[in-house]
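So you can see what is in the structure, the chains are spelled out below.
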Amino acid sequence: MAATPVVHPHFHRAAFSREKLAFGWPHRVAAALLVMVGASFVAVTLAANLFQVGPAFDRLTDDFRPIMTEQAVQSDRQGIAALDAAESEITAEMMPALAQQLGMTSEDFSTMMAEQYPAVTAGLAAVPQITPSFSSLVTTLDEQRPYFASADAIPTSSVPATSVPWSLFAVGLLSVGLGVWVWFRPRGSAVAVTVAGALLIAVPFALNMPHKASDADTMNENLKPMYNQELITQASGALTTLSAMGTEMQQQMMPDLAAQLQMSPEELNAFFAQSFPDTTAALAGLPQSMERFQDLVTRFDQRLGDYNTMKPVEFVPIVWFMIGGGAALFLLGAAGVVITSRSGRREQTA
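Here we summarise the structure given alongside this text.

Procedures and definitions
Residues numbered from 1 in each chain as written. Predicted model: local features only at pLDDT ≥ 70, side-chain atom pairs only at ≥ 80, totals over all residues. Heavy atoms only, no water. Helix = DSSP H or I, 4+ residues; strand = E, 2+ residues; numbered from the N terminus. Buried < 20%, exposed > 50% of the residue type's maximum accessible area, 1.4 Å probe, protein only. Areas by Shrake-Rupley, 256 points an atom, 1.4 Å probe, with all protein chains shown as cover. Core = buried A, V, L, I, M, F, W, Y, C linked by side-chain atoms within 4.5 Å. Contact = heavy atoms within 4.5 Å. Axes fitted to C-alpha atoms, helices over the stretch in contact; angles between N-to-C directions. Parallel < 35°, antiparallel > 145°, perpendicular 65-115°, else oblique. Left-handed = near helix turned anticlockwise from the far one by under 90°. Nonpolar A, V, L, I, M, F, W, Y, C, P; charged D, E, K, R; others polar. Salt bridge = Lys/Arg side-chain N within 4 Å of Asp/Glu carboxyl O. Expected span 1.5 Å × (residues − 1). Patch = residues over 30% accessible without salt bridge, like charges linked within 9 Å, V, L, I, M, F, W, Y side chains within 5 Å. Bend = angle between axes of the 7 residues up to and from the residue. Polar contact = N/O pair within 3.5 Å; in protein donor to acceptor, adjacent residues only side chain to side chain. Phe/Tyr/Trp six-rings, centres within 6.5 Å; stacked < 30°, edge-to-face > 60°.

## Some words on the overall build of the chain
A tally of helices and strands in the chain yields 14 helices and zero strands. From first element to last, N terminus to C terminus, the chain shows the α and β order α-α-α-α-α-α-α-α-α-α-α-α-α-α. Counting the 350 residues in the chain, one finds 41% classified as buried. Split by element, the accessible area of the chain, about 18100 Å² in all, is 61% carbon and sulfur.

Below, the structure written as structure tokens:
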């Protein structure tokens, strides 16, 4: 029987030492830098509160998506325009005409309205301030629609933003692991580091992340002046005023006018439709408009906390930090490939 060669343990230690020496002194620097890059990814993820920002971003975009469509914006504009036109018609035409029909002076009619229909009087007085405020809000939303559509696709339209912090955190841990690998096995790890770096560079560009992040930051900046508790409180108060006006007008004022003018409800409606078309149209569409406006304000109110979580964060620096980290990994890995290749050729010729 042939004798089995015995390899002294000292030979294994020497071979391992030669592998490390083949890479040369830079492998220790490369390993340390890889660990630093990985730790930076983890630190940025935690410092930017991305584990809270990601879910907040998803909740906000999910809730805002229905009100950020062109159809929703146009419907809101039409409701505001109808309300504004009705207020002008009521003040300039309907009130003087009704005062004349009832044999009252304009002053007496105004006094009667304030005493018997305070909600209608308060609502009509508030409309000139309410409609510009809502119009400004809807215009702002309309201007943000392209930015919202782009930001809503972070990282893709089918992958939620919640995946971003976990991806950054995982990349950080991977980089630390690669650093440890480079420290103990420098020759075999260089290619893996190079591939990981190339992916970190390629994937953000493939997903158009720099552009999406820029759009998200632009939208965030544009919303800051108006998306706050003061806006929500004012909008809620305005809706309460309009709702009370519409209810009192339809349930009390119109039936009272029909009785005073000795008309049936159908005759009064026909008279209003012919004489005051804007007011008639606004009253008919008021329930639907109020429902849309209430939905808009409710969504703003429910997602204010999420917006405040997102507001301090800028996404563009995070994306470029990811790409920069990938470039660092790629350069370190490429340097390792070059050095190990040269060392290998020297060993073969030795």
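There's plenty left to go through after this.
## As for the nonpolar core
Membership of the largest hydrophobic core comes to 87 residues, with the highest contact counts inside it found for F134, Y227, M253 and F300. Top contributing element to this core by residue count: helix α10 (residues 229-260), with twelve residues. Ignoring any residue separated from it by four or fewer positions in sequence, one finds F300 in contact with F64, I67, L137, L141, M226, Y227, L231 and I232.

## Details of unusual backbone geometry
P155 follows I154 through a cis peptide bond whose omega is -10 degrees. Assignment of secondary structure puts P155 in the loop between α6 (118-151) and α7 (163-184). In this structure, N49 is a non-glycine residue whose phi angle is positive, near 60 degrees. Considering the arrangement of structural elements, one finds N49 in the loop between α2 (26-47) and α3 (50-64).

## A few points about the packing of α6 against α10
It is the contact of α6 with α10, at a shortest axis distance of 8 Å, that shows an interaxial angle of 140 degrees. As judged from the angle between their axes, α6 and α10 are oblique. Crossing handedness for the pair α6 and α10: left-handed. In contact with P118, A119, V120, A122, G123, L124, A126, V127, I130, F134 and L137 of α6, α10 contributes L231, A235, A238, L239, T241, L242, A244, M245, E248, M249 and M253. When the residues that make up the contact of α6 with α10 are grouped by side-chain class, the tally is 19 nonpolar, two polar and one charged.

## What about the packing of helix α4 (residues 70-101) against α10?
In contact at an axis separation of 15 Å, α4 and α10 are set at 30 degrees when each is read in the N-to-C sense. Taken as axis vectors, α4 and α10 run roughly parallel relative to one another. Handedness of the crossing formed by α4 with α10: left-handed. Contacts between α4 and α10 pair L83, I90, M94, M95 and L98 from the former with L242, M245, M249, M253 and L257 from the latter. A breakdown of the residues in the contact of α4 with α10 according to their chemical character gives ten nonpolar, no polar and no charged.

## Things to note about the pattern of salt bridges
If charged atoms from side chains of opposite charge come close, those side chains can pair. Applying the stated criterion to the full structure yields eleven salt bridges. Between D306 and R59 there is a salt bridge, with its nearest N and O atoms 2.7 Å apart. With D306 in helix α13 (residues 304-310) and R59 in helix α3, the pair connects residues that are 247 residues apart, well separated along the chain. Assessed through its relative accessible area of 38%, R59 is described here as partly exposed. Notably, a salt bridge pairs E221 with K224, separated by 3.4 Å at the nearest N-O pair.

## Quick word on α4
If you check α4, its first and last C-alpha atoms are 44 Å apart, about what 32 residues at 1.5 Å a residue would give, namely 46 Å. Positive backbone phi, approximately 70 degrees, marks G103, located one or two places after α4.

## Description of a nonpolar patch on the surface
Together, V35, V180, W183 and F184 line one region of the surface with nonpolar side chains, adding up to about 330 Å² of accessible area. Considering each element in turn, the nonpolar patch owes the most residues, three residues, to α7. Mapped onto the elements of the fold, V180 is located in helix α7. Given the relative accessible area of 43%, V180 is considered partly exposed.

## Here's the deal with α6
In a regular helix each residue adds 1.5 Å, so 34 residues correspond to 50 Å; α6 covers 46 Å between its end C-alpha atoms and thus fits that length. Taking the largest bend as the criterion, α6 deviates by roughly 50 degrees, centred on V127, and proline P128 comes between one and four positions later.

## What about the side chain of T156?
With respect to the helices, strands and loops of the structure, T156 is situated in the loop between α6 and α7. In this structure the side chain of T156 is engaged in a polar contact, spanning 3.0 Å, whose partner is the backbone nitrogen of V159. Setting aside residues no more than four positions away along its own chain, T156 makes contact with L207 and K212.

## Some points on the packing of aromatic side chains
Geometrically, a pair of aromatic rings is defined through the distance of the ring centres and the angle of the planes. On inspection of all chains with the given rule, the structure shows 13 aromatic pairs. Ring centres 5.7 Å apart and planes at 70 degrees place the aromatic pair F57 and F315 in the edge-to-face group. Highlighted residues: F57 in helix α3 and F315 in helix α14 (residues 315-349), separated in sequence by 258 residues. Summarising the burial analysis for this pair, F57 and F315 share the class buried. Centre to centre, the rings of F64 and F300 are 5.0 Å apart; their planes meet at 35 degrees, and the pair counts as tilted. Of this pair, F64 sits in helix α3 while F300 sits in helix α12 (residues 277-302); the two residues are 236 residues apart in sequence, bridging distant segments of the chain. For the pair formed by F64 and F300, the shared burial category is buried. Aromatic ring contacts, followed pair by pair, group F64, Y227, F300 and Y307 into a single cluster.

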